[in-house]
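Examining the three-dimensional arrangement
This is what each chain is made of:
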2 protein chains.
Amino acid sequence: MEKQNVTIYDVARESGVSMATVSRVLNGNSNVRQATKDKVLAVINELDYRPNAVARGLASKKTTTVGVIIPDVTDGYFSSLARGIDDIATMYKYNIILANSDDNPEKEATVLNTLQSKQVDGIIFMGNEINNKLRAEFKRSSCPIVMAGSVDTSYTSPSVNINYVDAVKDETNRLIEHGNNKIAFISGSLRQAINKDYRLKGYKESLKDNGVDFDDKLVFETEGTYDAGYNLAESLWKQKITAAVVTNDELAAGILNGMTDRNISVPEDFELFTSNNTKIAKMVRPQLSSITQPLYDIGAVAMRLLTKIMNKEKVDDRNVILGYGIVERKSTR
Amino acid sequence: MEKQNVTIYDVARESGVSMATVSRVLNGNSNVRQATKDKVLAVINELDYRPNAVARGLASKKTTTVGVIIPDVTDGYFSSLARGIDDIATMYKYNIILANSDDNPEKEATVLNTLQSKQVDGIIFMGNEINNKLRAEFKRSSCPIVMAGSVDTSYTSPSVNINYVDAVKDETNRLIEHGNNKIAFISGSLRQAINKDYRLKGYKESLKDNGVDFDDKLVFETEGTYDAGYNLAESLWKQKITAAVVTNDELAAGILNGMTDRNISVPEDFELFTSNNTKIAKMVRPQLSSITQPLYDIGAVAMRLLTKIMNKEKVDDRNVILGYGIVERKSTR
DNA sequence: GTGAAAGCGCTAACAA
DNA sequence: TTGTTAGCGCTTTCAC
């Protein structure tokens, strides 16, 4: 029963040409007479021949697959990027090997190695917690890596992002304009450059511009989960904080519901800005005001950039910054 | 600069043994003297040798990668399954090629072919809209396919699911117990067997058991999106419907918010049951009552099942049914 | 316990 | 325009 044995050699024999010619029609090489091509195509069809991509990969040193390292597919932010990546990958005839890393440098290093042993033509990296070991792996990498929606301040690979500093600064400015003077900055791990070096910076800049003193007791580092937010809500309120900039939508949703369930009204008593505008920002009530990011596009552009690099095309901008916006919905006044 | 050229041949030469021996230590073959092994290992380390998985795949006819076909990574239901799949895949040293299909039979057939040409060792299929062409591709497949959280009534591949009939029946029963007699059944495409042949069946069985007449005007087939739900809400209310069983959480969240925004109170005026208990069921307010499914486990068990089949181990249950529960939160009385 | 050698199925010079 | 022929880097008999 199990066939999967018809090879390029079989179709060569059946159509009375050489393997080389079959290979040519397979690869759309121009130098084949139309009649020959037709015959070969007919045989391919008849024999139900499917080229073996592994053999092809070995011979050509190209696998037409790219690796995608993602913290967690289940996270709406990253899965949106992943969707953009896959769509563009498909458009350019690539497949993606998807690997969850949980933002864990060990896992990231491991998977980076596995991907390379699988000879992927390129890698898209999402994740923010990059340590020296991982950085070393990056440099050692024999294939191009582009970062999507993720930053590392001490290693500059090609990347696609928005301006996180300005975005958070804008949010904070608005919160100050609304009359708040105790504004919390609430993020996931501050070991992540995106939080520590960009978002927190934007927050501080805004305070400074507005003559508000920075108070590190207003900086909350927590797990980036709904539950963490939910549990944090009460203590925020008890500390007389009246507003917060949150770097993660699930976390923000948790805070929001945590407040609501304790009869603290958002936005009357407490204003909330979140950062990623994923689906849930619109699903919770009140709807979350947020930075708007072109999530799908970040992934799509990153993949497009990678195709260019893999093709050795000239790219004039290795570090793409896409535009962002701010939408004030119902969690701010 | 670009190396990636050290091959098994290099380490064989450097360690003064044959390629065969190197291959043996690489594959943990027992028949190698410890001293030889140590020497080889040392050289591997020194040369920073990484086996080429593509070459290995060609020679061994095993790629240690499996294909995963998913309607949309962005969907919380499927991404939860995908996470379970990836974790177990990693545990068994497999990688996954992830491909979005949008539940589109054309795309599914295409990607099924691509995956097989890439010589994946197996495939996990998620999606419910299976047409004859796709079914033919399934049968023609040279590698094992298991379905996760997805059903096809006319083709029985190995699968992992819950009992959708009973689950929906239970929900509907409760809604009837609560005094509703106009209960809507609201689902995504009824071309999908999971909706048409299972969930709708459970709905009907419940009505019958309770002596309520079935009315096909209460069956709503719509896009399975938040917006579709949001827009549907008002007409539901106008039709004097007082409760609904919804097959998709985003859809349910849309209905919920659509109601709320039009001052129809859930659950006082309208009761809502949803089906997948994804994250959003707990994030919206009021929180959605739902069937509880072991989403991660469905994926994990499916992947485990696939490893067994790939290994040609005996499996006694090719169609696994996992348990479900019902949780009544705040969208029901 | 180890080595020699024949492939795995394809691509890519190089000839013709 | 087409064919011949080396490989690509590894696994896997089959000898020894």
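Residues numbered from 1 in each chain as written. Chains lettered and ligands numbered in written order. Predicted model: local features only at pLDDT ≥ 70, side-chain atom pairs only at ≥ 80, totals over all residues. Heavy atoms only, no water.

**A closer look at the protein's contact with DNA strand C**
- The full set close to DNA strand C counts 27 residues, and Ile8 and Tyr49 of chain A together with Thr21, Arg24 and Thr36 of chain B are the nearest of them.
- The protein-proximal atoms of DNA strand C, defined as those within 4 Å of the protein, are 62% sugar or phosphate.
- Ile8 of chain A has a polar backbone atom sitting 2.3 Å from a phosphate oxygen of DNA strand C.
- At 2.7 Å from a phosphate oxygen of DNA strand C is found a side-chain nitrogen or oxygen belonging to Ser23 of chain A.
- Sorting the residues of the surface near DNA strand C by element identifies α2 (19-26) and α4 (53-60) of chain A together with α2 (19-26) and α4 (53-60) of chain B as the ones contributing at least two each.
- Partitioned by chemical class, the residues of the surface near DNA strand C number twelve nonpolar, ten polar and five charged. (Near = heavy atom within 4 Å. Polar contact = N/O pair within 3.5 Å; in protein donor to acceptor, adjacent residues only side chain to side chain. Helix = DSSP H or I, 4+ residues; strand = E, 2+ residues; numbered from the N terminus. Nonpolar A, V, L, I, M, F, W, Y, C, P; charged D, E, K, R; others polar.)

**Overview of the relation of the copies chain A and chain B**
- Laying chain A over chain B is done by rotating through 180° and shifting 0.1 Å along the axis; what remains is an RMSD of 0.1 Å. The superposition of one copy onto the other is thereby described by a two-fold rotation axis. Closest approach to the rotation axis among the C-alpha atoms of chain A is made by Ile97 of chain A, whose C-alpha sits 2.2 Å away.
- Both copies share a contact surface, since 100% of the interface residues of chain A are interface residues in chain B too. (Least-squares fit on C-alpha atoms with pLDDT ≥ 70 in both. Contact = heavy atoms within 4.5 Å.)

**Some details on the domain arrangement of chain A**
Residue and element names in this part refer to chain A.
- Partitioning chain A into domains gives domain 1 (3-51), domain 2 (64-162 + 295-323) and domain 3 (164-293).
- Every contact between the two is made by 16 residues of domain 2 and, on the other side, 14 residues of domain 3.
- Between domain 2 and domain 3, roughly 1300 Å² of surface is buried when both sides are summed, and carbon and sulfur atoms account for 54% of that area.
- Summed over the shared surface of domain 2 and domain 3, the result is one salt bridge.
- Put simply, Arg191 and Glu129 hold a salt bridge, and the shortest N to O gap is 3.3 Å.
- Our count for the domain 2 to domain 3 interface comes out at six residue pairs in polar contact (both at pLDDT 80 or more).
- Those elements that place two or more of their residues in the side of domain 2 that touches domain 3 are α5 (76-91), β5 (159-162) and α13 (295-310). (Domains from an automatic or database assignment. Buried area = accessible area lost by both parts, 1.4 Å probe. Salt bridge = Lys/Arg side-chain N within 4 Å of Asp/Glu carboxyl O.)

**Considerations on the interface of chain A and chain B**
- Each partner contributes to the interface: chain A provides 50 residues, whereas chain B provides 50 residues.
- The junction of chain A with chain B conceals about 4600 Å² of combined surface from both sides, 48% of it contributed by carbon and sulfur atoms.
- The largest contributions to the chain A side of the interface with chain B come from Arg50, Met283 and Arg285 of chain A, which together make up 16% of the buried area.
- At the junction of chain A with chain B, the criterion picks out ten salt bridges.
- Lys279 of chain A is paired through a salt bridge with Glu250 of chain B; the nearest N and O atoms lie 2.8 Å apart.
- Counting across the chain A and chain B interface gives 32 residue pairs in polar contact (both at pLDDT 80 or more).
- If you list the elements that add at least two residues to the side of chain A that touches chain B, you get α4, α5, β2 (95-100), α6 (105-117), α10 (226-238), α11 (249-261) and α12 (279-283) of chain A.

**Observations regarding the sheet that holds strand β6 (residues 183-187) of chain A**
Residues and elements named next belong to chain A.
- Spatial ordering of the open sheet is given by β7-β6-β8-β9-β10-β12, a layout of six strands whose pairing is mixed. The two strands at the open ends of the sheet, each matched to only one other strand, are β7 (219-221) and β12 (325-327). Across the sheet, the mean angle separating the axes of adjacent strands is 20° when strand polarity is ignored.
- As defined by bridge partners, β6 adjoins strand β8 (residues 243-246) across four bridges and the pair is classed as parallel. (Pairing = 2+ DSSP bridges. Axes fitted to C-alpha atoms, helices over the stretch in contact; angles between N-to-C directions.)

**Observations concerning empty space enclosed by the protein**
- In total, this model carries two cavities of 30 Å³ or more according to the counting rule given.
- If you trace the largest cavity, you find 14 residues lining it, with Val54 and Lys118 of chain A together with Val54, Thr63 and Lys118 of chain B closest to the centre.
- Among the secondary structure elements, those contributing two or more residues to the lining of the largest cavity are α4 of chain A together with α4 of chain B.
- In terms of residue class, the lining of the largest cavity is built from six nonpolar, six polar and two charged.
- Of the volumes computed, that of the second largest cavity is approximately 30 Å³.
- In terms of lining, the second largest cavity is formed by Asn181, Ile183, Tyr203, Leu207, Val212, Asp213 and Leu218 of chain A. (1 Å grid on protein atoms, 1.4 Å probe; cavity = no way out; pocket = protein on both sides within 12 Å on 5 of 7 lines; lining within 4 Å. Points joined across faces, edges and corners; volume = space filled by probe spheres on them.)

**A few points about the pattern of salt bridges**
- Overall, the coordinates contain 40 salt bridges over all chains when judged by the stated rule.
- Here Arg13 of chain B and Asp10 of chain B are joined by a salt bridge, their closest N and O atoms 2.8 Å apart. Linking Arg13 of chain B with Asp10 of chain B, this pair stays in helix α1 (residues 8-15), spanning three residues, or about one helical turn.
- Overlapping salt bridges, with partners in common, bring together Asp72, Asp102 and Lys107 of chain A together with Arg83 and Asp87 of chain B in one network.

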